[in-house]
Amino acid sequence: MARSNEVNLNECKMVVPLNTWVLISNFKLAYNLLRRPDGTFNRHLAEFLDRKVPANANPVDGVFSFDVLIDRGTSLLSRIYRPATAEEPQPNVAELEKPVTAEVVPVIIFFHGGSFAHSSANSAIYDTLCRRLVGLCKAVVLSVNYRRAPENRYPCAYDDGWTALKWVNSRPWLQSQKDSKVHIYLAGDSSGGNIVHHVALRAMESGTHVLGNILLNPMFGGQERTESEQRLDGKYFVTLRDRDWYWRAYLPEGEDRDHHACNPFGPNGRSLEGIKFPKSLVVVAGLDLIQDWQLAYVEGLKKADQEVKLLYMEQATIGFYLLPNNNHFHTVMDEISKFVGSDC
Amino acid sequence: MKRDHNHLQPNSDPSYSLCGSSSTGKAKLWEEEAAEQDCGMDEDLAVLGYKVKTSDMVEVAQKLEQLDEIMCSVQDDGISHLAFETVHYNPSDMSTYLESMLSELIPPTFDPFGPSGTTAVAAPLTGALDDSFLGTAESSTLTTLDFESNNRKHKKSGKQIFEESSCSDYDLKAIPGKAIYSQSSQTQIHDSSSTSTHNNFKSEKRLKSTSGSHSDIFSPPPPASYGIPTDSIRPVVLVDSQENGIRLVHALMACAEGVQQNNLNLAEALVRQIGFLAISQAGAMRKVATYFAEALARRIYRLYPQNPLDHSLSDVLHIHFYEACPYLKFAHFTANQAILEAFEGKKRVHVIDFSMNQGMQWPALMQALALRAGGPPAFRLTGIGPPSHDNSDHLQEVGWKLAQLAETIHVEFEYRGFVANSLADLDASMLDLRPSEVEAVAVNSVFELHKLLARPGGIDKVFSVVEQMKPEIVTIVEQEANHNGPVFLDRFTESLHYYSTLFDSLEGSASGQDKVMSEVYLGKQICNVVACEGVDRTERHESSTQWRNRLVSAGFSPVHLGSNAFKQAGMLLALFAGGDGYGVEESSGCLMLGWHKRPLITTSAWKAANYSSSPPPLPTEFRRVD
């Protein structure tokens, strides 16, 4: 057992830069400490270990940020990132919610990852990623600090996502000049990707227009053990066991992984045929053990005649988009930029 | 692309240990170059909150591999003590952090206290006495609280969130609580009937203020009192999206701008407008706006507030502020935690409190000391405070009350009160310091140091006096804010956001009286920040990054607060906080309390960089283990 683990570690190190390996291995170590076998979560230690950054209304590399309390009842906070402009390099702090001026301004509602249990909108890894998206897409980004499992199970994360979407949609200052509408995209990685799908569903059901979904290594699953899960279990930072743990922590008690939250095109899923679902960009890492589920998701969208583009990054592991030190990162960022920029 | 790390790491340790302070030519060049490369730190990881030197990357990877190896080869429960019992420190410094975990997992070779006592004993003997030294929860927990919480956020799930089977026997009443040094057993209060409780009072010494009225000499204040320049972070949380709220903020800003530009007619007109707008506003925003408007008016009309404040009133306000919200409780709690850890093994201890007020910080520490394994140390307290206007001996009264408490809990107690107009009036010789082998010293300052920045040389004098005290630990709590920049408008803007956030957090407070008085308490600070200048402007809050720079320059190095203090603080909040928005964050060994992720106060701990305390004597039956 020790020997095969050694093999795993060595293989793993060959496919990612060393500092990426260190970063993700460090997360893995911490996360192993936080998940308890009885299904509870060491939230205090999690918050202690998570590296966080405050919002900053002073622009840095052309981006400034501020937090907004969207819903007091649930303490739902979101962090908003905006580009500083040439005309206003130092935004007036009294005018953080100043109306956007361009003809078309994409507003990306971002859901951070963490398998529904980890991280926050103010986690350094996600603050960094959101800042990148601003410049990349010339967008306003709103990162939702949704409630997490196991303290808050399904459907809390989706509820919070929906609340945030409604809030964004109702802000006059986020309306593009062209049509006085808010041009909304949903984006997320890991559990955030899963949230994107389900929030988009709610949006469609209520007639709220979402222009596109971006799912980075989205978290899906099912009862069945797929080939990729068996083949890649424990090989690249992630184990089936931890995946199971997080689903048990998020899904309603007593439910299995064929619950539609986990398996949207599974036996309990709903068909999207006939529904005007947003176009989707789905990024799948070739070394992610749950890729079969992610690919099944893409198939499910295709079968329902929905517009979907799959980006399969063969040699990518989870978390490749957290550091700009690899080709997958740059490829994906380009595609995201094109995806968001293609609506005018 | 030049990376600006400061914006993402407001509280990062500067790599002061590497980039020394040498000033000779070539060394300085190297120093600058190294500084530019962040002393060889991996840039990518630094942005994400981790400090790893590029040259250490391989070694760090090896440590991660080792830990992975160990975790794979043990059962689930085998590593659970890492999560439960181990105290984690400063996770940003990955190398040291991982090293600590590795040493934690190396099984000790003997076990004198039985299963629960191993790590407490093994740790000192492995000699890892640096900043990242892993203590254990056993010996260092100040107060363990029953964590049944009515946290509204988690109401839905209806069940215990922080479920830990080992913590179920702790008593809510114990706040100030009991120290835990054995997680499973109930502890007895050490019976110290053999040592008589010794209440020793020296009469209060009144220190002549030598800093009298030097305003003519010291105006305009030199740059030193404006704070050390730093890439400043401006954290903002908007809690009020009402239309009127925004108009109000605009008017306040425009008025402040008018003041800044000395356009007093405009400013005057706006101040009146603000009054009208404020009335139509509700809640926190109305109150904040009113205080800021009043302060602006005072500045415009030159009706400066009387300074200093009548002491008895300020005491009353302070107590209400303590009751209404968790800021002071957090400050006391976290500082006490660090002090308790620093006093471990010491037989005689001396706390010098720069912020004595009503002495509310000390009962909890005294109780924790009383319950310490092996019995309490002799506890000496020196309380320093400003003079009272009515000649009452308030410091004496406070000391009396603490002496009575000490008697009931059988702690040998000695007290001395010092009255001083300014901490800069203190000299070490006044304090009757005893040799450090005999008595361990802790210096404590809650919301006092920033006042010294109003006069040049004040803070430096105090730092040097503190060093002379040879403290085991210096605990400092300060506002996490930039209210001491050189530009009035910036100070105004910063403080507007800061106090808006503070007032918002107060809205959830229960008691009417406490809440109202707390608002008055904060209102006085607002007035000082906005309306006063020069030596009168004492509310010169600076960020923890700026304080770190000052302390490091003065020869102090950080003592990290760890996950145990963090957790306890979190549990304290769940119990006492009136609102759901409070949160604790760790950054570079400091703990910050914030409201809706906006950090508001920071607790940090320090020791003199060149001071090493005498280690506690080893019990004779233990032998060194390698």
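Residues numbered from 1 in each chain as written. Chains lettered and ligands numbered in written order. Predicted model: local features only at pLDDT ≥ 70, side-chain atom pairs only at ≥ 80, totals over all residues. Heavy atoms only, no water.

**What to know about the overall build of chain B**
Okay, step 1: Within chain B, the regular secondary structure consists of 20 helices and 11 strands.
Okay, step 2: Every one of the 626 residues in chain B was classed for burial, and the buried ones make up 56%.
Okay, step 3: Residue pairs in contact within chain B that sit at least 24 positions apart in sequence constitute 78% of those at least 6 positions apart.
Okay, step 4: Carbon together with sulfur atoms contributes 53% to the accessible area of chain B, which is approximately 26,100 Å² in total. (Helix = DSSP H or I, 4+ residues; strand = E, 2+ residues; numbered from the N terminus. Buried < 20%, exposed > 50% of the residue type's maximum accessible area, 1.4 Å probe, protein only. Contact = heavy atoms within 4.5 Å. Areas by Shrake-Rupley, 256 points an atom, 1.4 Å probe, with all protein chains shown as cover.)

**What to know about the overall build of chain A**
Okay, step 1: Within chain A, the regular secondary structure consists of 10 helices and 8 strands.
Okay, step 2: Over its C-alpha atoms chain A spans a radius of gyration of 19 Å, differing by no more than 12% from the 20 Å that the globule rule assigns to 344 residues.
Okay, step 3: By its C-alpha atoms, chain A is 60 × 45 × 40 Å across when sized along the principal axes.
Okay, step 4: Expressed as a percentage of its 344 residues, the buried residues of chain A come to 66%.
Okay, step 5: Considering only contacts in chain A between residues 6 or more positions apart, those separated by 24 or more positions represent 75%.
Okay, step 6: Split by element, the accessible area of chain A, about 11,800 Å² in all, is 50% carbon and sulfur.
Okay, step 7: Considering chain A, the positive charge centre built from 37 side chains and the negative charge centre built from 40 side chains are found 3 Å apart. (Rg over C-alpha atoms; globule rule 2.2 N^0.38 Å. Lys, Arg positive; Asp, Glu negative; His and termini not counted. Charge placed at Lys NZ, Arg CZ, Asp CG, Glu CD.)

**A look at the nonpolar core**
Residue and element names in this part refer to chain B.
Okay, step 1: Counting 240 residues, the largest nonpolar core has L296, Y327, F379, F492 and I601 as the members making the most contacts within it.
Okay, step 2: Broken down by element, the residue count for this core peaks at 11 residues, all from helix α11 (residues 283–301).
Okay, step 3: Here this core spans two domains, and each of domain 1 (239–301) and domain 2 (311–480 + 541–574 + 600–607) adds at least three residues to it.
Okay, step 4: Ignoring any residue separated from it by four or fewer positions in sequence, one finds F379 in contact with V349, V351, L365, M366, L369, V411, E412, F413 and E414.
Okay, step 5: Of all hydrophobic cores here, the second largest spans 28 residues; its members include I352, A420, A424 and L452. (Core = buried A, V, L, I, M, F, W, Y, C linked by side-chain atoms within 4.5 Å. Domains from an automatic or database assignment.)

**Some words on the domain arrangement of chain B**
Okay, step 1: Structurally, chain B comprises domain 1 (239–301) and domain 2 (311–480 + 541–574 + 600–607).
Okay, step 2: Computed over C-alpha atoms only, the centres of domain 1 of chain B and domain 2 of chain B are separated by 37 Å.

**Some remarks on helix α2 (residues 18–34) of chain A**
Okay, step 1: Between its terminal C-alpha atoms α2 of chain A stretches 24 Å, which fits the 24 Å expected from 17 residues at 1.5 Å a residue.
Okay, step 2: Most of α2 of chain A sits out of view: 15 of its 17 residues are buried. (Expected span 1.5 Å × (residues − 1).)

**Some thoughts on the UniProt feature "active site" (unreviewed entry) in chain A**
Residue and element names in this part refer to chain A.
Okay, step 1: The UniProt entry lists S190 under the feature "active site" (unreviewed entry), expressed in the numbering used here.
Okay, step 2: When you line up the elements, S190 lands in the loop between β5 (183–189) and α6 (191–205).
Okay, step 3: A relative accessible area of 14% means that S190 is categorised as buried.
Okay, step 4: Once you skip the residues sitting within four places of it in the chain, S190 turns out to touch G113, G114, S115, L216, N217, P218 and M219. (UniProt positions renumbered as here; feature names shortened; annotations may be inferred.)

**What to know about the packing of aromatic side chains**
Okay, step 1: Following the criterion strictly, the structure yields 28 aromatic pairs over all chains and no others.
Okay, step 2: Here the aromatic rings of F488 of chain B and F492 of chain B are separated by 6.1 Å at their centres, their planes lie at 40 degrees, and the arrangement is tilted. In this pair, F488 of chain B and F492 of chain B both sit in helix α17 (residues 488–506), 4 residues apart, roughly one turn of the helix. Grouping residues by exposure puts F488 of chain B and F492 of chain B together as buried.
Okay, step 3: The ring of W21 of chain A carries the charged tip of K13 of chain A above its face, separated from the ring centre by 5.2 Å.
Okay, step 4: K279 of chain A extends its terminal NZ or CZ atom over the ring of F339 of chain A, reaching a point 4.2 Å from the ring centre. (Phe/Tyr/Trp six-rings, centres within 6.5 Å; stacked < 30°, edge-to-face > 60°. Lys NZ or Arg CZ within 6 Å of the ring centre and 35° of its normal.)

**As for the sheet that holds strand β6 (residues 212–216) of chain A**
Okay, step 1: Strand order in the open sheet formed by 9 strands is β8(A)-β7(A)-β6(A)-β5(A)-β3(A)-β4(A)-β2(A)-β1(A)-β2(B), and the pairing between neighbours is mixed. If you trace the sheet from one side to the other, it starts and ends with β8 (308–313) of chain A together with β2 (237–238) of chain B, each paired once.
Okay, step 2: Relative to β6 of chain A, β5 of chain A runs parallel, the two being bridged by 5 bridges. Bridged to G188 of chain A within β6 of chain A is L215 of chain A. (Pairing = 2+ DSSP bridges.)

**Description of the environment of N90 of chain B**
Residues and elements named next belong to chain B.
Okay, step 1: As for its position among the elements, N90 is in the loop between α4 (80–84) and α5 (94–105).
Okay, step 2: As for N90 and S588, which are separated by 498 residues in sequence, their C-alpha atoms are 5.6 Å apart.
Okay, step 3: Among the polar contacts listed, one links the side chain of N90 to the side chain of H560, at a separation of 3.4 Å. (Polar contact = N/O pair within 3.5 Å; in protein donor to acceptor, adjacent residues only side chain to side chain.)

**Section: the packing of helix α5 (residues 156–169) of chain A against α6 of chain A**
Residue and element names in this part refer to chain A.
Okay, step 1: Running from N to C, α5 and α6 cross one another at 60 degrees; their axes reach a closest spacing of 9 Å. Judged by the angle between their axes, α5 and α6 are oblique. Seen along the crossing, α5 lies across α6 with a hand that is right-handed. Note on element contacts: α6 touches α5 through N194, I195, H198, V199, R202 and A203, opposite A157, Y158, D159, G161, W162 and L165. (Axes fitted to C-alpha atoms, helices over the stretch in contact; angles between N-to-C directions. Parallel < 35°, antiparallel > 145°, perpendicular 65-115°, else oblique. Left-handed = near helix turned anticlockwise from the far one by under 90°.)

**As for the side chain of Q306 of chain A**
Okay, step 1: You can see Q306 of chain A is positioned in the loop between α9 (291–303) and β8.
Okay, step 2: Discounting chain neighbours no more than four positions away, the residues touching Q306 of chain A are L272, I275, K276, F277 and L301 of chain A.

**Here's the deal with the environment of V349 of chain B**
Residues and elements named next belong to chain B.
Okay, step 1: Tracing the backbone shows V349 in strand β3 (residues 348–353).
Okay, step 2: Along the chain, V349 and A293 lie 56 residues apart, while their C-alpha atoms are 47 Å from each other.
Okay, step 3: V349 has contacts with F343, L369, P377, A378, F379, R380, E439 and A440, leaving out every residue within four places of it along the chain.

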